Amino acid sequence: TRKGGDGSLGSTCGLLIIDEVHLLADERGAVIESVVARLHRWVESSQRQVRLVGLSATLPNYEDVATFLRVDKGRGLFYFGPEHRPVPLQQTFIGITAHTKNRFQREKKMDEVCYDVVTDALRNGYQVMVFVHSRKGTGTTAKAMAEHAAMEGELEHLFTGEEGTQENDARTQFIDKVEKSRNKELREHFRNGMGIHHAGMLRPDRRLTEQMFADGAIRVLCCTATLAWGINLPAHTVVIKGTDVYMPEKGTNVDLSILDVQQIFGRAGRPQYDTSGDATLITSHDAMARYLDKLVRATPIESNFIKQLADHLNAEVVGGTVTNTREAIEWLRYTYLHVRMCKNPLAYGIAAKQHESDPTLRGRSRELAVEAAKLLDERKMVRYNPESGNLAVTNLGRVASIFYIRNQSVATFNEMMEKKRVSPTDADLLHIMCCADEFENLRVRPEELDEVDQIKKEACPLESLAPVEEFSGKCNVLLQAYISKSRISSFTLISDTNYIASNAGRVAR
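Note that the coordinates shown come from a computational prediction; the quantities given were computed from them, not determined experimentally.

Here is what the cut-offs are and how they apply
- Residues numbered from 1 in each chain as written.
- Predicted model: local features only at pLDDT ≥ 70, side-chain atom pairs only at ≥ 80, totals over all residues.
- Heavy atoms only, no water.
- Core = buried A, V, L, I, M, F, W, Y, C linked by side-chain atoms within 4.5 Å.
- Buried < 20%, exposed > 50% of the residue type's maximum accessible area, 1.4 Å probe, protein only.
- Contact = heavy atoms within 4.5 Å.
- Pairing = 2+ DSSP bridges.
- Helix = DSSP H or I, 4+ residues; strand = E, 2+ residues; numbered from the N terminus.
- Axes fitted to C-alpha atoms, helices over the stretch in contact; angles between N-to-C directions.
- Expected span 1.5 Å × (residues − 1).
- Patch = residues over 30% accessible without salt bridge, like charges linked within 9 Å, V, L, I, M, F, W, Y side chains within 5 Å.
- Areas by Shrake-Rupley, 256 points an atom, 1.4 Å probe, with all protein chains shown as cover.
- Salt bridge = Lys/Arg side-chain N within 4 Å of Asp/Glu carboxyl O.
- Polar contact = N/O pair within 3.5 Å; in protein donor to acceptor, adjacent residues only side chain to side chain.

Points about the nonpolar core
Here comes step 1: Formed by 59 residues in total, the largest nonpolar core has its most connected members in Leu-313, Trp-331 and Ile-455.
Here comes step 2: Among all residues touching Leu-313, those that are not within four sequence positions of it are Val-322, Ala-328, Trp-331, Ala-369, Ala-372, Ala-373 and Leu-376.

Here it is in structure tokens:
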């Protein structure tokens, strides 16, 4: 929708459906706000009707979102409570009281509790999905369960299915396909009647795992939350093992969000087969109280728009819909950020007195717009005149908007190009590109370092100017490996290389 004009998506769209609209609270939510605000302003200027539909299974403050989408609350707002669920859901919360601070002991205790819940469901003839919060955790959880089952002598009886049983017949159909897979873990866990599923696996392997679970060839599936968001694959019993999620930008563990918990719990119970569903959350004892509190008192979702305000303001300036700070303030009134600032000003740094003296928050909106305009001006993406408040587009800003480059990346490029103004080498240019903000979420995992070092020696004709322990160094090595058509073994590295390859084109332009 950034590319305006006749025949563009914005001008031809008659219906916009936003599924999982609660992602407004996610860092990607700013995109939803930007698109909806642009569409509403376009509808007002063109006097053409566009229908908006927002859908969510976990949205506490649905009325605020309805206000943002400009819904007629009498006719267009529908709320379905738990009583509308086709399959009743039994929720269980288990708190692990760890008398020791030893992380290994806590994990062991959690594995034992998880095994008890899983085997209980298997004895009743149900399939189970176990959600963990790291790619590596899927394999270690499946392995721990297999070892526990082998010790108890229950592996064949509960997990793999005995000769002549329905499960065993279903397994036989998939043996050839599984043996052809390059994923060693997938083959290993299949022999134990289990599967793993995460974003670091190749797409054919993920599809094969989904098919095996749907057909009953595997009884237990250990997966990450990506399965709850994107794929409709329910099971009678769902278990969330642990609630610590690593946040790379904070460098520490945070609590799994209550929206994720509800989304995962929503996978329990299959309407076409079951009359009930079981969902279990296993966490530490102190975290359990927090989750119970959040379930009883729904926490409203907040906006994440301020973090990406500069990028979206630049897109509006390039599109010609915002030409000065007055229009920028007007544009902000169409966002979910404005709805929540009026409802919960303290969360956005607005004092009670300020809100009383300025109920429409024009003053705060002006501060935000001017702040973003100054940042863009400093990074040469727009030209901002503080006296008149006018905003003029620059070539750099236009390129950033068209190719969706973040302003932080532009700042990095400006600074590094300044230093390399005289005859930069190919290695310099590749390094500059790999320092882009777009690649900062590429985690450097300890188990990958040996292979990355090996690739660096064998497939990198250009010198990497950053160590492989940094995201830019890892990105540099994988990009050169991709260009050199080098073979990569680790599935997480293959996944990262695909991500780099799909983004490097637009960043390089």
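Describing the sheet that holds strand β7 (residues 237-241)
Here comes step 1: A sheet is described by the order of its strands in space; here six strands give the open sequence β3-β10-β7-β4-β6-β5, paired in parallel fashion. The two strands at the open ends of the sheet, each matched to only one other strand, are β3 (89-96) and β5 (194-197). Between one strand axis and the next, the sheet turns through 15° on average, direction left out of account.
Here comes step 2: Strand direction decides the pairing type here: β7 and strand β10 (residues 277-284), joined by five bridges, are parallel. In the sheet register, Thr-237 faces β10, and the bridge partner there is Asp-278.
Here comes step 3: The strands that helix α9 (residues 203-214) touches are β4 (128-131), β5 and β6 (220-223); relative to β5, the one it contacts most, it runs at about 140°.
Here comes step 4: Against the sheet, helix α11 (residues 258-265) makes contact with β3, β4, β7 and β10, and its axis sits at roughly 155° relative to β7, the strand it touches most.

Brief notes about helix α17 (residues 362-378)
Given 3.6 residues per turn, any residue in an α-helix points the same way as the ones three and four places further on.
Here comes step 1: Relative to the 24 Å expected for 17 residues at 1.5 Å per residue, α17 spans 24 Å between its end C-alpha atoms, a close match to the ideal helical length.
Here comes step 2: Buried within α17 we find Arg-364, Ser-365, Leu-368, Ala-369, Val-370, Ala-372, Ala-373 and Leu-376.
Here comes step 3: Just downstream of α17 lies Lys-380, where phi reads positive at about 65°.

Comments concerning a nonpolar patch on the surface
Here comes step 1: A grouping of Leu-15, Ile-17 and Leu-55 is seen on the molecular surface, where their side chains present a nonpolar patch of about 270 Å² in accessible area.
Here comes step 2: Structurally, the position occupied by Leu-55 is in the loop between β2 (51-54) and α3 (62-68).
Here comes step 3: Residue classification places Leu-55 among the partly exposed residues on the basis of a relative accessible area of 39%.

Describing the side chain of Glu-20
Here comes step 1: Positionally, Glu-20 belongs in the loop between β1 (15-18) and α2 (29-46).
Here comes step 2: One polar contact links Glu-20 to Gln-263, side chain to side chain, over a distance of 3.3 Å.
Here comes step 3: Once residues within four sequence positions are removed from consideration, Glu-20 is found in contact with Leu-55, Trp-229 and Gln-263.

What to know about the pattern of salt bridges
Here comes step 1: Within this structure, the stated rule accounts for 18 salt bridges.
Here comes step 2: A salt bridge links Arg-123 to Glu-154; the nearest nitrogen and oxygen atoms lie 2.7 Å apart. Within this pair, whereas Arg-123 is found in helix α4 (residues 103-123), its partner Glu-154 is found in the loop between α5 (135-152) and α6 (155-160), the two being separated by 31 residues in sequence.
Here comes step 3: In this structure Arg-123 comes out as partly exposed when scored by relative accessible area, which is 48%.
Here comes step 4: The buried category is assigned to Glu-154, whose relative accessible area is 16%.
Here comes step 5: Through salt bridges with shared partners, one network takes in Asp-64, Glu-302, Arg-340 and Lys-343.

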